[in-house]
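In case you want the letters, here they are:
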Amino acid sequence: MTQNAKLVLEGKETDLAVTVGTEGEVGIDISALRAKTGAITLDPSFANTGACESAITYIDGERGILRYRGYDIADLAEYATFPEVCHLLIYGRLPTPPEREEFRTRLTRHSLVHEDMKKFFEGFPQTAHPMGILSAMIASLSAYYPEDDTHEEIDLNIIRLLAKAKTIAAFSYKKSIGQPFIYPQNDLTYLENFLTMMFAVPSEPYKVDEVVRSALNKLLILHADHEQNCSTTTVRVVGSGGANLFASISAGVSALWGPLHGGANQAVIEMLEVIRKDGSNYQKYVDLTKSKDSDFKLMGFGHRVYKNFDPRALILKQSADQVLSNLGVDDPLLEIAMRLEEVALADPYFVERKLYPNVDFYSGILYRAMGIPTDMFTVMFALGRLPGWIAHWLEQRNAPGARINRPRQIYTGETAREWVPLEDR
Ligand code: COA
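Let us look at the structure shown here. (Residues numbered from 1 in each chain as written. Predicted model: local features only at pLDDT ≥ 70, side-chain atom pairs only at ≥ 80, totals over all residues. Heavy atoms only, no water.)

**Quick word on the site of the ligand**
Next up, step 1: The ligand sits among 18 residues. The nearest are Lys297, Leu298, Gly300, Phe301 and Arg304.
Next up, step 2: Between the ligand and the protein, one listed contact pairs a nitrogen atom with a backbone N or O atom of Phe301 at 2.9 Å.
Next up, step 3: Side-chain polar atom of Arg353 to an oxygen atom of the ligand: 3.0 Å apart, as the coordinates give it.
Next up, step 4: Surface burial for the ligand is 70%, taken as the share of its 870 Å² of free accessible area covered by protein chains.
Next up, step 5: When its residues are assigned to classes, the shell around the ligand shows eight nonpolar, six polar and four charged. (Near = heavy atom within 4 Å. Polar contact = N/O pair within 3.5 Å; in protein donor to acceptor, adjacent residues only side chain to side chain. Areas by Shrake-Rupley, 256 points an atom, 1.4 Å probe, with all protein chains shown as cover. Nonpolar A, V, L, I, M, F, W, Y, C, P; charged D, E, K, R; others polar.)

The following block contains the structure:
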């Protein structure tokens, strides 16, 4: 591979260094471009911009490959626990048995949220979207656990965040249905604690369903990281200014909320419901995406990076079928989703544009089968993505020569004009 690239601008040739990743990905290093040529690059929406070097997650969008720290997503989804994947992403390696035990204990013992923070939940209207509550509560953790710059304190705050986010998520659900909060218990695992805080009621015994626990474990692992996506980029950008962990992750939660990103899982179910109520006329909705007069999109379809298939969607499609039948749930939306996928994938519009179901297409059907309400779906995505955000926040903070993220622009507004006094306008 050539070690540099040549750029010819206005007849003048400039050499630019080339960086090659461990999987052979090629990046033209333009960090000295402006100094050398006076020009900048223009890449709105960053589709061709590598914002950093990263050792966390590898994606090959053409071949449908996704690996966390070198491990294939299918193996992790099959064999790992979500806390193991958190350890892998954040610390760079799978935990040894004693490390796994210690990590699990720490994640459990830090699950309680400060009693004063419970009052915050009272302030939100019952109709508040749980993503707004999650973002606000995570930012608020900085008031209780101010950041001190030592490695130990930062690590403790990482554990606190991982442990408390699930409590905040479950409390925001309990608040929305007007039930009392269920506190975390130290004898339960991460997922058992979360499911108990979500679904137990004080007067009745509650036992976590193994099918639900295992499906949730898989879902969280599949969402745990996805390199430089919109919310992770947000976390890195906010962190690059020196913002603390909680503030940076809270910004990531907000970025995830949108329907083109994590909010798509909620939007998919809403779309499938509309199609069901409209007599399951799949073709009508596929055609609507093509109409010039409509900006309708098939939610849960398409991806900036995956152009053949999304490996997470393949795993989820298989598991949706299995989990629903194990739980004895007969959800008409699963059938609608599968038929819609069939119709769309046979349509030249989708074929030409390489539009395939993404992770959000089947995840909502699984969450529904577990009894998780639609407006909590994106919160579930956020719980899964948390270790990825944390790993990226740490990586960017510790990167040699890290600088504040500050893109430039090509200005297209008015050129200099003279001030016009009010009476002359
Ligand atoms: N339904 C119908 N058409 C779609 C589509 C969808 N879900 N996603 C993309 N397209 C079309 C676009 O209209 C565009 O068509 P054009 O070339 O005729 O203008 C073409 O496919 C390329 O899409 P584009 O919007 O440029 O891709 P992107 O990389 O900017 O966006 C997504 C990627 C994921 C935001 C986009 O595919 C989308 O909005 N999907 C639905 C939301 C979703 O599921 N998000 C979750 C992602 S994990």
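There is more to say after this.
**Things to note about the environment of Leu134**
Next up, step 1: On the secondary structure map, Leu134 appears in helix H6 (residues 130–144).
Next up, step 2: Taking the relative accessible area as the measure of exposure, Leu134 reaches 3% and is therefore buried.
Next up, step 3: Separated by 38 residues in sequence, Leu134 and Ser172 place their C-alpha atoms 7.6 Å apart. (Helix = DSSP H or I, 4+ residues; strand = E, 2+ residues; numbered from the N terminus. Buried < 20%, exposed > 50% of the residue type's maximum accessible area, 1.4 Å probe, protein only.)

**Quick look at helix H12 (residues 264–277)**
Next up, step 1: Spanning 14 residues, H12 covers 20 Å between terminal C-alpha atoms, matching the ideal 20 Å at 1.5 Å per step.
Next up, step 2: Burial of H12 is extensive: ten of the 14 residues sit out of reach of the surface.
Next up, step 3: Burial in H12 covers these residues: Ala264, Asn265, Gln266, Ala267, Val268, Ile269, Met271, Leu272, Glu273 and Ile275.
Next up, step 4: Looking at the packing, one finds that the buried side of H12 touches helix H13 (282–290), helix H15 (332–345), helix H17 (359–369) and helix H18 (377–398). (Expected span 1.5 Å × (residues − 1). Contact = heavy atoms within 4.5 Å.)

**Details of the sheet that holds strand S1 (residues 4–9)**
Next up, step 1: Taken in spatial order, the three strands of this open sheet run S1-S2-S3, and their pairing is antiparallel. Of all strands in the sheet, those with a lone pairing partner are S1 and strand S3 (26–28), marking the two edges. Pairs of neighbouring strands in the sheet enclose a mean axial angle of 30°, with direction left out of account.
Next up, step 2: Relative to S3, strand S2 (residues 12–20) runs antiparallel, the two being bridged by three bridges. Bridged to Thr19 within S3 is Gly27. (Pairing = 2+ DSSP bridges. Axes fitted to C-alpha atoms, helices over the stretch in contact; angles between N-to-C directions.)

**Notes on the pairing of S2**
Residues in a regular strand point their side chains to alternate faces of the sheet.
Next up, step 1: Here six bridges tie S1 to S2, and the two strands are oriented antiparallel to one another. Bridge pairing in S2 links Val8 to Glu13.
Next up, step 2: The antiparallel pairing of S1 with S2 creates a hairpin that spans two residues between the two strands, and Glu10 there sits at a positive phi of about 50°.
Next up, step 3: Joining the antiparallel neighbours S2 and S3 is a turn of five residues, in which Gly24 adopts a positive phi near 85°.

**A look at unusual backbone geometry**
Next up, step 1: For Glu10, which is not glycine, the phi torsion reads 50° and is therefore positive.
Next up, step 2: For Glu10, the location among the structural elements is in the loop between S1 and S2.

**Some thoughts on the packing of aromatic side chains**
Next up, step 1: A full pass over the atoms with the stated rule returns 14 aromatic pairs.
Next up, step 2: Taken together, a centroid distance of 5.8 Å and an interplanar angle of 65° make the contact between Phe121 and Phe171 edge-to-face. Of this pair, Phe121 sits in helix H5 (residues 115–123) while Phe171 sits in helix H7 (residues 151–177), and the two are 50 residues apart along the sequence. The burial state of Phe121 is the same as that of Phe171; both residues are buried.
Next up, step 3: Here Phe171 and Phe181 contribute two aromatic rings whose centre-to-centre distance is 4.2 Å and whose plane-to-plane angle is 5°, an arrangement assigned as stacked. Remark: Phe181 occurs in the loop between H7 and helix H8 (190–199) and Phe171 occurs in helix H7; sequence separation between them is ten residues.
Next up, step 4: Joined through ring pairs, the aromatic side chains of Phe301, Tyr349, Phe350, Phe361 and Tyr362 make up one cluster. (Phe/Tyr/Trp six-rings, centres within 6.5 Å; stacked < 30°, edge-to-face > 60°.)

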